[in-house]
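Read off the chains here:
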Amino acid sequence: MEQIQTKILQEIINRSESLNNLYQTLLIAKIDENKEKENETLKKENETLKKENETLIHIDIVSNSETELYNKLDLDNIPLDQLENRFSYFLRREPIGMYNKDLIKSRFLNYINELTIRNPILSLQEDIVDRIQENIAEIERQVKRDYSLTFLFLLSQELEYTNDPLRRSALLEEYLNEIYCEKSLEEYLTKFPTHPEKSGRQRCLDLCQETNLVNSTYQEIIAQYLHASIEDALIYTDKKLTEYPDEHVYLKPILLSITAATMILEPEERKKLHIAFTEENTMHSYQSCQSVCQALRDGMYLDKVYQKRKVYNSK
């Protein structure tokens, strides 16, 4: 049984690596498509679209094959921590760059969670500690899904109205990376999300998760997302942005991730956030600090807009 599991995990890694390469091919095709539109060269544009469509077909085939492998895993009888450890062990041995290894591992963990805790049903574990941990994991899955869908939506909105080739490239790369890491969202390779998402919290409550645990988990996970993104944003110092003005395009997706995370919080939860800029950060990354503050304000504003439109189900 262990040998069979080993073979399946290694094949999943191979499929995931192949998909990572295909996603890179798709990114290049989409970038080239935009360039051809700019140059108004119809023949080359048609060739690029053909390449893009062929890549999407290949992604679908390999992804379906990958899904079949996941379905062969006996997830009901394998402790998930053991499965993760074995996957990580095999992945470490692969001659792949660390960045791509992180993407592959994220894809694996997110999809395993999707298969095992897709719905935040109240845990039936006998041990209270195990029960709480399982409930938290199920709530975290809903947070991640809300965030990913909202982030994809914001990225897609920028892509709809952005013609600058370099900016589009940065946005497309982030858009495709987010989908790659969330296998369950691959439908958005061929269409954009139509709205942000905020229904996960209510779904948890509808399935009898304890209110305080749901709210505290949402606050904790979103705070982690925000602080990580803000740290990334502050890498873009005033000196860096002045000397390399094109770096602004790579800052934009980070700011959108801050906006997406802020949208998912409730108004009273945002008041509890402790986001402080050190004197050193303010001195060296003033432009980025200002941009982060604006991204936070954008999140609050957009949440109000979509609440009024009744776009998502949120209390």
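Figured I'd write up the structure that's included with this text. (Residues numbered from 1 in each chain as written. Predicted model: local features only at pLDDT ≥ 70, side-chain atom pairs only at ≥ 80, totals over all residues. Heavy atoms only, no water.)

## A short note on the packing of aromatic side chains
For step 1, the next point in the chain: One pass over the structure, following the stated rule, counts nine aromatic pairs.
For step 2, the next point in the chain: A cation over an aromatic ring shows up here: Arg-107 above the ring of Tyr-180, its NZ or CZ 4.8 Å from the ring centre. (Phe/Tyr/Trp six-rings, centres within 6.5 Å; stacked < 30°, edge-to-face > 60°. Lys NZ or Arg CZ within 6 Å of the ring centre and 35° of its normal.)

## Considering helix α13 (residues 286-308)
For step 1, the next point in the chain: Between its first and last C-alpha, α13 extends 34 Å over 23 residues, near the 33 Å set by a 1.5 Å rise per residue.
For step 2, the next point in the chain: Looking only at α13, the buried set comprises Ser-288, Cys-289, Val-292, Ala-295, Leu-296, Gly-299, Asp-303, Val-305 and Tyr-306.
For step 3, the next point in the chain: Tucked into the core, α13 has its buried residues touching α5 (128-161), α8 (211-233), α9 (238-243), α10 (248-264), α11 (267-271) and α12 (279-284).
For step 4, the next point in the chain: Where α13 ends, the next residue or the one after it, Lys-310, has phi of about 55°, a positive value. (Helix = DSSP H or I, 4+ residues; strand = E, 2+ residues; numbered from the N terminus. Expected span 1.5 Å × (residues − 1). Buried < 20%, exposed > 50% of the residue type's maximum accessible area, 1.4 Å probe, protein only. Contact = heavy atoms within 4.5 Å.)

## Some words on helix α6 (residues 165-181)
For step 1, the next point in the chain: Along its 17 residues, α6 runs 24 Å from first to last C-alpha, staying within 8% of the 24 Å computed at 1.5 Å per residue.
For step 2, the next point in the chain: Among the 17 residues of α6, 12 are classified as buried, and the element is accordingly described as predominantly covered.
For step 3, the next point in the chain: All buried positions along α6 are accounted for by Arg-168, Ser-169, Ala-170, Leu-171, Leu-172, Tyr-175, Leu-176, Asn-177, Glu-178, Ile-179, Tyr-180 and Cys-181.

## Section: the environment of Asn-177
For step 1, the next point in the chain: Mapped onto the fold, Asn-177 is located in helix α6.
For step 2, the next point in the chain: Residues Asn-177 and Arg-107, 70 residues apart in the sequence, show an inter-C-alpha distance of 9.9 Å.
For step 3, the next point in the chain: Side chain to side chain, Asn-177 and Tyr-99 meet in a polar contact 3.0 Å long. (Polar contact = N/O pair within 3.5 Å; in protein donor to acceptor, adjacent residues only side chain to side chain.)

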